[in-house]
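Examination of the molecular architecture
Read off the chains here:
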Amino acid sequence: MAVNKTDPRVVKTRNSLRKALVYLMRREKIEDISVQKITETASITRGTFYLHYKDKHDFIQSAIKEILDDFFAEVMVDSRDLSLSTERTVQVFSVSKAFRYIENNADVFDVLLNSEKTDFFYEQMYDRLANYLTDYYETVSDSQKQSSVPLQLQVSFIDSAFLGLIRHWLMDGMIYTAHYMTQSVEKMFSQFDRVNVAIAGFFVGGEDSALEDV
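Residues numbered from 1 in each chain as written. Predicted model: local features only at pLDDT ≥ 70, side-chain atom pairs only at ≥ 80, totals over all residues. Heavy atoms only, no water.

1. Re the overall build of the protein
For clarity, the threshold we go by: By the criteria applied, helices consist of DSSP H or I runs no shorter than four residues and strands consist of E runs no shorter than two, each listed in order from the N terminus. Only protein chains enter the accessibility calculation, which uses a 1.4 Å probe. A residue is then buried if its area is under 20% of the maximum for its type, exposed if over 50%, and partly exposed in between. Per-residue and other accessible areas were derived by the Shrake-Rupley procedure at a 1.4 Å probe size, with only the shown protein chains allowed to occlude residues.
When you go through the protein residue by residue, the secondary structure sums to 9 helices and 3 strands. Looking at the protein as a whole, 44% of its 214 residues qualify as buried. When the accessible surface of the protein is summed, it comes to about 11800 Å², and 50% of that surface belongs to carbon and sulfur atoms.

What follows is the structure, encoded as C-alpha coordinates:
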(Lines give C-alpha, C1' and ligand atoms only; values in the text may rest on other atoms or scores of the structure.)
Protein backbone atom coordinates (compact mmCIF):
# COMPACT_ATOMS: atom_id res chain seq x y z
CA MET A 1 0.00 0.00 0.00
CA ALA A 2 1.47 3.36 -1.05
CA VAL A 3 1.72 6.02 1.62
CA ASN A 4 0.89 9.62 0.72
CA LYS A 5 3.60 11.55 2.58
CA THR A 6 1.74 14.85 2.17
CA ASP A 7 -1.45 13.58 3.83
CA PRO A 8 -1.86 15.58 7.09
CA ARG A 9 -2.54 12.35 8.98
CA VAL A 10 0.68 10.85 7.65
CA VAL A 11 2.65 13.97 8.56
CA LYS A 12 1.18 13.91 12.06
CA THR A 13 2.03 10.23 12.50
CA ARG A 14 5.61 10.68 11.30
CA ASN A 15 6.11 13.71 13.55
CA SER A 16 4.78 11.78 16.53
CA LEU A 17 7.13 8.91 15.82
CA ARG A 18 10.12 11.23 15.44
CA LYS A 19 9.34 12.91 18.75
CA ALA A 20 9.00 9.51 20.39
CA LEU A 21 12.37 8.44 19.00
CA VAL A 22 14.13 11.55 20.32
CA TYR A 23 12.45 11.10 23.72
CA LEU A 24 13.61 7.48 23.96
CA MET A 25 17.11 8.23 22.69
CA ARG A 26 17.64 10.54 25.67
CA ARG A 27 17.09 7.59 27.94
CA GLU A 28 18.20 4.44 26.15
CA LYS A 29 20.68 3.03 23.68
CA ILE A 30 19.43 2.68 20.10
CA GLU A 31 19.70 -1.11 20.28
CA ASP A 32 17.43 -1.17 23.35
CA ILE A 33 14.67 0.86 21.70
CA SER A 34 12.07 -1.50 20.29
CA VAL A 35 9.25 -0.84 17.85
CA GLN A 36 6.85 -1.48 20.71
CA LYS A 37 8.48 1.23 22.86
CA ILE A 38 8.40 3.65 19.93
CA THR A 39 4.73 3.06 19.14
CA GLU A 40 3.66 3.17 22.78
CA THR A 41 5.51 6.45 23.32
CA ALA A 42 4.00 7.90 20.14
CA SER A 43 0.54 6.54 21.04
CA ILE A 44 0.06 4.76 17.73
CA THR A 45 -0.48 1.11 16.85
CA ARG A 46 2.20 -1.23 15.56
CA GLY A 47 0.03 -1.73 12.48
CA THR A 48 0.19 1.98 11.71
CA PHE A 49 3.97 1.92 12.21
CA TYR A 50 4.40 -0.88 9.68
CA LEU A 51 2.28 0.98 7.14
CA HIS A 52 5.11 3.54 7.00
CA TYR A 53 8.28 1.59 7.75
CA LYS A 54 9.68 -1.89 7.20
CA ASP A 55 11.31 -2.13 10.61
CA LYS A 56 13.08 -0.10 13.30
CA HIS A 57 16.23 0.36 11.21
CA ASP A 58 14.20 1.71 8.28
CA PHE A 59 12.34 4.07 10.61
CA ILE A 60 15.51 5.47 12.21
CA GLN A 61 17.16 6.02 8.83
CA SER A 62 14.04 7.75 7.50
CA ALA A 63 13.62 9.88 10.62
CA ILE A 64 17.23 11.10 10.52
CA LYS A 65 16.96 11.87 6.80
CA GLU A 66 13.73 13.81 7.33
CA ILE A 67 15.28 15.85 10.17
CA LEU A 68 18.25 16.77 7.98
CA ASP A 69 16.04 17.43 4.94
CA ASP A 70 13.89 19.82 6.97
CA PHE A 71 16.93 21.59 8.41
CA PHE A 72 18.74 22.18 5.13
CA ALA A 73 15.52 23.12 3.32
CA GLU A 74 15.16 25.90 5.88
CA VAL A 75 18.74 27.20 5.97
CA MET A 76 19.86 27.02 2.34
CA VAL A 77 19.03 30.20 0.43
CA ASP A 78 19.54 31.24 -3.18
CA SER A 79 21.85 34.15 -3.86
CA ARG A 80 22.95 35.71 -7.13
CA ASP A 81 26.73 35.92 -7.08
CA LEU A 82 27.55 39.18 -8.86
CA SER A 83 31.22 38.20 -9.07
CA LEU A 84 30.37 35.55 -11.64
CA SER A 85 30.40 36.71 -15.23
CA THR A 86 27.08 35.00 -15.92
CA GLU A 87 25.56 36.13 -12.58
CA ARG A 88 24.61 32.56 -11.81
CA THR A 89 22.52 31.69 -8.77
CA VAL A 90 24.45 30.00 -6.00
CA GLN A 91 23.13 28.35 -2.85
CA VAL A 92 24.53 29.68 0.40
CA PHE A 93 23.99 28.84 4.06
CA SER A 94 21.98 31.26 6.22
CA VAL A 95 23.64 31.25 9.63
CA SER A 96 20.77 33.20 11.22
CA LYS A 97 18.18 30.72 9.96
CA ALA A 98 20.33 27.83 11.15
CA PHE A 99 20.68 29.11 14.70
CA ARG A 100 16.98 30.02 14.90
CA TYR A 101 15.96 26.61 13.60
CA ILE A 102 18.20 24.78 16.05
CA GLU A 103 17.06 27.03 18.89
CA ASN A 104 13.44 26.15 18.11
CA ASN A 105 14.29 22.44 17.90
CA ALA A 106 16.92 22.32 20.63
CA ASP A 107 15.59 19.12 22.20
CA VAL A 108 16.07 17.25 18.91
CA PHE A 109 19.49 18.60 17.99
CA ASP A 110 20.87 18.34 21.52
CA VAL A 111 20.19 14.63 21.79
CA LEU A 112 21.27 13.92 18.22
CA LEU A 113 24.50 15.95 18.29
CA ASN A 114 25.59 15.55 21.91
CA SER A 115 25.05 11.88 22.55
CA GLU A 116 27.69 9.20 22.07
CA LYS A 117 24.86 6.95 20.91
CA THR A 118 24.10 9.18 17.92
CA ASP A 119 27.47 9.77 16.26
CA PHE A 120 25.83 8.61 13.03
CA PHE A 121 23.67 11.77 13.01
CA TYR A 122 26.71 14.03 13.33
CA GLU A 123 28.42 12.14 10.51
CA GLN A 124 25.42 12.50 8.21
CA MET A 125 25.03 16.19 9.02
CA TYR A 126 28.75 16.68 8.43
CA ASP A 127 28.56 14.92 5.06
CA ARG A 128 25.52 16.93 3.93
CA LEU A 129 27.19 20.22 4.84
CA ALA A 130 30.44 19.10 3.17
CA ASN A 131 28.55 18.38 -0.05
CA TYR A 132 26.96 21.84 -0.03
CA LEU A 133 30.35 23.44 0.63
CA THR A 134 31.88 21.54 -2.27
CA ASP A 135 29.02 22.48 -4.61
CA TYR A 136 29.45 26.11 -3.63
CA TYR A 137 33.17 26.02 -4.34
CA GLU A 138 32.64 24.39 -7.73
CA THR A 139 30.13 27.12 -8.63
CA VAL A 140 32.25 30.12 -7.66
CA SER A 141 35.81 28.81 -8.13
CA ASP A 142 36.01 29.95 -11.76
CA SER A 143 35.57 33.56 -10.62
CA GLN A 144 38.45 33.65 -8.19
CA LYS A 145 42.11 32.73 -7.95
CA GLN A 146 42.97 29.14 -7.16
CA SER A 147 43.14 28.77 -3.38
CA SER A 148 46.51 27.87 -1.88
CA VAL A 149 44.73 25.61 0.63
CA PRO A 150 43.33 22.30 -0.72
CA LEU A 151 39.54 22.23 -0.83
CA GLN A 152 39.38 19.08 1.30
CA LEU A 153 41.21 20.83 4.14
CA GLN A 154 38.99 23.90 3.87
CA VAL A 155 35.85 21.75 4.06
CA SER A 156 37.16 19.71 6.99
CA PHE A 157 38.16 22.83 8.90
CA ILE A 158 34.97 24.84 8.32
CA ASP A 159 32.58 21.90 8.67
CA SER A 160 34.12 20.63 11.91
CA ALA A 161 34.39 24.11 13.43
CA PHE A 162 30.78 25.08 12.65
CA LEU A 163 29.20 21.83 13.84
CA GLY A 164 31.46 21.82 16.88
CA LEU A 165 30.28 25.32 17.74
CA ILE A 166 26.65 24.21 17.49
CA ARG A 167 27.37 21.21 19.71
CA HIS A 168 28.90 23.32 22.45
CA TRP A 169 26.22 26.00 22.17
CA LEU A 170 23.61 23.32 22.89
CA MET A 171 25.74 21.63 25.55
CA ASP A 172 26.17 24.94 27.38
CA GLY A 173 22.41 25.46 27.50
CA MET A 174 22.29 28.06 24.71
CA ILE A 175 23.41 30.84 27.05
CA TYR A 176 23.77 33.08 23.98
CA THR A 177 20.80 33.93 21.78
CA ALA A 178 20.55 32.76 18.18
CA HIS A 179 20.99 36.39 17.10
CA TYR A 180 24.19 36.79 19.12
CA MET A 181 25.56 33.50 17.75
CA THR A 182 24.86 34.70 14.21
CA GLN A 183 26.68 37.97 14.78
CA SER A 184 29.64 36.18 16.37
CA VAL A 185 29.97 33.69 13.50
CA GLU A 186 29.76 36.52 10.96
CA LYS A 187 32.61 38.31 12.73
CA MET A 188 34.76 35.19 12.77
CA PHE A 189 34.15 34.37 9.12
CA SER A 190 34.90 37.95 8.13
CA GLN A 191 38.46 37.44 9.35
CA PHE A 192 39.17 34.71 6.83
CA ASP A 193 41.34 35.46 3.83
CA ARG A 194 38.92 34.62 1.02
CA VAL A 195 41.83 33.85 -1.32
CA ASN A 196 42.98 30.99 0.90
CA VAL A 197 39.63 29.97 2.42
CA ALA A 198 37.39 30.38 -0.60
CA ILE A 199 34.38 28.56 0.90
CA ALA A 200 34.03 31.02 3.79
CA GLY A 201 31.68 32.99 1.53
CA PHE A 202 29.27 30.07 1.68
CA PHE A 203 28.03 31.28 5.07
CA VAL A 204 25.88 34.40 5.20
CA GLY A 205 24.30 36.11 8.18
CA GLY A 206 20.77 35.80 6.90
CA GLU A 207 18.40 36.83 4.14
CA ASP A 208 19.70 40.38 4.20
CA SER A 209 23.33 39.28 4.01
CA ALA A 210 23.03 37.29 0.79
CA LEU A 211 24.62 38.96 -2.21
CA GLU A 212 21.26 39.28 -3.88
CA ASP A 213 18.36 37.06 -2.91
CA VAL A 214 16.26 35.75 -5.75
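2. Focus: a nonpolar patch on the surface
Defined as follows: Every patch collects residues that have over 30% relative accessible area and no salt bridge, joining them within 9 Å if they carry like charges and within 5 Å if they are nonpolar side chains (Val, Leu, Ile, Met, Phe, Trp, Tyr). The salt bridge definition used is simple: a Lys or Arg side-chain nitrogen within 4 Å of an Asp or Glu carboxyl oxygen.
A cluster of nonpolar residues, Ile-175, Tyr-176 and Tyr-180, forms a patch on the protein surface that exposes about 340 Å² of accessible area. Relative to the helices and strands, Ile-175 is located in the loop between helix H8 (151-171) and helix H9 (178-190).

3. Topic: the packing of helix H4 (residues 56-75) against helix H6 (residues 106-113)
For the record, the criterion: Only the stretch in contact is used when a helix axis is fitted, and all axes are lines through C-alpha atoms; the angle between N-to-C directions ranges over 0 to 180 degrees. Comment on the angle field: the value is read as roughly parallel under 35 degrees, roughly antiparallel over 145, roughly perpendicular from 65 to 115, and oblique elsewhere. The crossing is said to be left-handed when, going from far helix to near helix, the turn is anticlockwise and less than a right angle, and right-handed when the turn is clockwise. In this description, contact between two residues means that some pair of their heavy atoms is separated by no more than 4.5 Å. Under the convention adopted here, Pro, Cys and the residues Ala, Val, Leu, Ile, Met, Phe, Trp and Tyr are nonpolar, Asp, Glu, Lys and Arg are charged, and Gly plus all remaining residues are polar.
Where H4 contacts H6, the axes come no closer than 13 Å and their chain directions differ by 125°. With respect to each other, H4 and H6 are oriented oblique. Here H4 and H6 pass one another in a crossing that is left-handed. Facing Ile-64, Ile-67 and Phe-71 of H4, the residues of H6 in contact are Val-108, Phe-109 and Leu-112. Its residues assigned to classes, the contact of H4 with H6 comprises 6 nonpolar, no polar and no charged.

4. So, the pattern of salt bridges
Taken as a whole and assessed by the stated rule, the structure comprises 8 salt bridges. Linking Lys-37 and Glu-28 is a salt bridge whose minimum nitrogen-to-oxygen distance equals 2.7 Å. Under the relative-accessibility criterion, Lys-37 is labelled partly exposed at 31%. The residue Asp-119 makes a salt bridge to Arg-167 at a minimum N-O spacing of 4.0 Å.

5. Some remarks on helix H1 (residues 8-25)
Our working definition: For a helix, the expected span equals 1.5 Å multiplied by the residue count minus one.
Taking 1.5 Å per residue as the helical rise, H1 with its 18 residues ought to reach 26 Å, and the 26 Å between its terminal C-alpha atoms agrees with that figure. Of the surrounding elements, those touching the buried residues of H1 are helix H2 (35-42), helix H3 (46-52), H4, H6 and helix H7 (119-140).

6. A closer look at the packing of aromatic side chains
Rules: Each Phe, Tyr or Trp ring (for Trp, its six-membered ring) is paired with any other whose centre lies within 6.5 Å, and the angle between the two planes then decides the class: stacked below 30 degrees, edge-to-face above 60, tilted in between.
Applying the stated criterion across every chain yields a total of 24 aromatic pairs. Look at Phe-49 and Tyr-50: their rings are 5.2 Å apart centre to centre, the planes differ by 85°, and that puts the pair in the edge-to-face class. For the pair Tyr-136 and Phe-202, a centre-to-centre distance of 5.6 Å together with 65° between the ring planes defines the contact as edge-to-face. Remark: Phe-202 occurs in the loop between H9 and strand S3 (203-204) and Tyr-136 occurs in helix H7; sequence separation between them is 66 residues.

7. Points about H7
Short version of the rule: The directions considered for the arc run from the helix axis to the C-beta atoms.
Taking 1.5 Å per residue, 22 residues should reach 32 Å; H7 reaches 32 Å between its end C-alpha atoms and fits that length. Of all the positions in H7, only Phe-121, Tyr-122, Met-125, Tyr-126, Leu-129, Ala-130, Leu-133, Tyr-136, Tyr-137 and Val-140 are classed as buried. Along H7, the residues classed as buried sweep out an arc of 165° about the axis, all on the same side. Among the structural elements, H4, strand S2 (89-94), H6, H8 and S3 are those in contact with the buried residues of H7.

8. Here's the deal with the environment of Ser-43
With respect to the helices and strands, Ser-43 occurs in the loop between H2 and H3. Under the relative-accessibility criterion, Ser-43 is labelled exposed at 66%. Here the alpha-carbon distance between Ser-43 and Ala-20, two residues 23 residues apart in the chain, equals 9.0 Å.

9. Comments concerning the layout of surface pockets
This is how it is decided: Cavity: a set of points on a 1 Å grid over the protein atoms alone where a 1.4 Å probe fits but cannot get out. Pocket: an open set with protein on both sides within 12 Å along at least five of seven lines, its lining residues, like those of a cavity, having an atom within 4 Å of a point. Grid points are joined across faces, edges and corners, and a volume is the space filled by probe spheres set on the points.
Here the second largest pocket is characterised by a volume of approximately 240 Å³. For the second largest pocket, the full set of lining residues is Asn-15, Arg-18, Lys-19, Val-22, Ile-67, Tyr-101, Asn-105, Asp-107, Val-108 and Phe-109. Listing elements by their share of the lining of the second largest pocket, those giving two or more residues are H1 and H6. Here the lining of the second largest pocket gets 4 residues from one element, more than from any other, and that element is H1.

10. Observations concerning the nonpolar core
Note the threshold: For the purposes of this section, nonpolar cores are sets of buried Ala, Val, Leu, Ile, Met, Phe, Trp, Tyr and Cys residues that join through side-chain atoms within 4.5 Å.
Phe-71, Phe-93, Phe-109 and Phe-162 are the most contacted members of the largest nonpolar core, which totals 67 residues. Ranked by residue count, the leading element in this core is H7, at 10 residues. Phe-162 has contacts with Phe-93, Val-95, Phe-99, Leu-129, Val-185 and Phe-203, leaving out every residue within four places of it along the chain.

So yeah, pure geometry; function would need other evidence.
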